[in-house]
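Read off the chains here:
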Amino acid sequence: MSNMKSYQERDKKHIWHPCSQMKDYETFPPIVIKQGKGVFLEDMDGKKYLDAISSWWVNLFGHSNQRINDALYKQANKLEHVIFANFTHEAAIELAEGIINVSPKGLNKVFFGDNGSSAVEIALKLSFQYHQQMGKNRKTKFVALTDAYHGETIGALSVGGVDLYSNIYKPLLMEVIRPTAPDCFRCPYGKERKNCDAQCFEAMEKVVLKQHNEITAIIIEPMVQAAAGMKIYSANYLKKLRKLCDAYDINLIADEIAVGFGRTGEMFACNHANISPDIMCVSKGLTAGYLPLSLAIMTDKIYNAFYDDYPTMKAFLHSHSYSGNPLGCAVALETLKIFEDEQIINQNKIKSKIIKEKAEERILDLPNVGEFRQLGMIAAIELVKDKTTKEGFDWQKRVGYQIYKIAVEKGVILRPLGNVIYFMPPYVINEKEIKFMFQIARESITMYFDR
Ligand code: PMP
């Protein structure tokens, strides 16, 4: 038995993996990773895989990055954790200063959570309590788009609109107002995202005009609905949304968990539209893919609504054991330093051009590629049965999953979303690796359709 196989046998005995039908593991067991360096992961048998999905969109500067390793080690030798209520520490203070410095203007206060979903829960609760304390008791409902994804806990799942993840739990979820999301690939208005005026915003406008008295917040993934299949939409949509929220005293919550920290080419996706949300959720890239940490970053206006004498009961009595974890904070701080020292946003502009070039060379001519779309360091191809009708494949066929299996065998981790194959590599990827990534994607797609 190979080294890897014996680990796979042991894994199967006790471990239940996330977002998986465990029966699939009978024929496609989990790859046991021994180590990682840069964009590559290496399994127990020495085989290497290019991590084209940044290990679930978290990794920024490669696996086992020396600068981050050193920052983590240094912090671990000083302070690993301390209760964050009535205590604080240098790493959290510096991180808060650093993050406010790079966040959209107006965001000035930071609340710490420990994963993306918890940041979303924090934002939802903050908004609800804010309006209660401002005397707008009727503002109790949330608005979120169809196809939205905001995490897996019950509140986050409620605002999520991807049925695959939420359908079974519907009886448990809160009622959410759900206008139809932009769909630029199959635009019902016959427009193109690069120069449209976001006509699709009318669905949002309609519900807000009708129900604004009941709406506390609108939560949105700015610029890209990631889990829905990297659905990129116009910045004009966000501009209109900001105006609408201002007009009707509705909090705008930007879920930048997937798209923040340079993924879309700007530090935060909201920058494309030059808007500031009232609350911004970040996680994933915050620690460059090292540790679970998240932040809800908000305006003074929100913060001030909670600031009063204790007996008024206006405090935000929300906590997580690992709030403000010093190890996470130190790593996040080093991440911000790397952004500055290495001019990551500028460097990524060059890389995203190479991504575009190589994808166009290797992918566009394939008969089943309906669209290639890209925003900064996120690229995706949508597979279709027929390019003219844009008809997609039946989900039961699991086209993406089959292609994923082929690509992994060939040394690239793609992990598609339904019929969408996306590329979200660590920023340290070089030209040769970009070529390799698209070459393997091409071979895997071709092999699947030629079978
Ligand atoms: N929001 C968005 C936009 C996400 O993409 C994700 C994770 N994929 C989450 C929230 C949830 O984050 P986590 O998995 O850390 O709970």
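Residues numbered from 1 in each chain as written. Predicted model: local features only at pLDDT ≥ 70, side-chain atom pairs only at ≥ 80, totals over all residues. Heavy atoms only, no water.

Visitor: Even after reading the chapter, I still don't get the pairing of strand E1 (residues 33-37), so can you show me in this structure?
Guide: Across a regular strand the side chains alternate sides, sitting on one face of the sheet and then on the other. Two elements, E1 and strand E2 (residues 40-43), share 4 bridges in a ladder whose sense is antiparallel. Of the residues in E2, the one forming a bridge with Ile33 is Asp43. Between the end of E1 and the start of E2, which pair antiparallel, lie 2 residues, with Gly38 showing a positive phi angle near 60 degrees. (Pairing = 2+ DSSP bridges. Helix = DSSP H or I, 4+ residues; strand = E, 2+ residues; numbered from the N terminus.)

Visitor: Would you explain the domain arrangement of the protein chain in this entry?
Guide: How big an interface is tends to be reported as the loss of accessible area on association of its parts. Parsing the protein chain into structural domains produces domain 1 (31-64 + 343-449) and domain 2 (69-341). Each partner contributes residues to the interface: domain 1 has 32 residues there, and domain 2 has 34 residues. Here domain 1 meets domain 2 over a buried area of about 2,900 Å², counting both sides, of which 62% is carbon and sulfur. The interface formed by domain 1 and domain 2 includes 2 salt bridges. (Domains from an automatic or database assignment. Contact = heavy atoms within 4.5 Å. Buried area = accessible area lost by both parts, 1.4 Å probe. Salt bridge = Lys/Arg side-chain N within 4 Å of Asp/Glu carboxyl O.)

Visitor: Whenever I open this one, the site of the ligand confuses me. Can you help?
Guide: Near the ligand you find Trp57, Asn115, Gly116, Ser117, Tyr149, His150, Gly151, Glu221, Asp255, Ile257, Ala258 and Lys284, and these make up its full shell. Take Asn115: an N or O atom from its side chain is 3.5 Å from an oxygen atom of the ligand. Looking at the shell around the ligand residue by residue, the class counts come to 4 nonpolar, 5 polar and 3 charged. (Near = heavy atom within 4 Å. Polar contact = N/O pair within 3.5 Å; in protein donor to acceptor, adjacent residues only side chain to side chain. Nonpolar A, V, L, I, M, F, W, Y, C, P; charged D, E, K, R; others polar.)

Visitor: How should the sheet that holds strand E3 (residues 48-51) be read in this particular structure?
Guide: Overall, mixed pairing links the 4 strands, which are arranged E1-E2-E3-E15 in an open sheet. Unpaired on one side and paired on the other, E1 and strand E15 (412-413) mark the two borders of the sheet. Relative to E15, E3 is paired through 2 bridges, and the arrangement is parallel. Looking at E15, one finds that Asp51 is bridged to Ile413.

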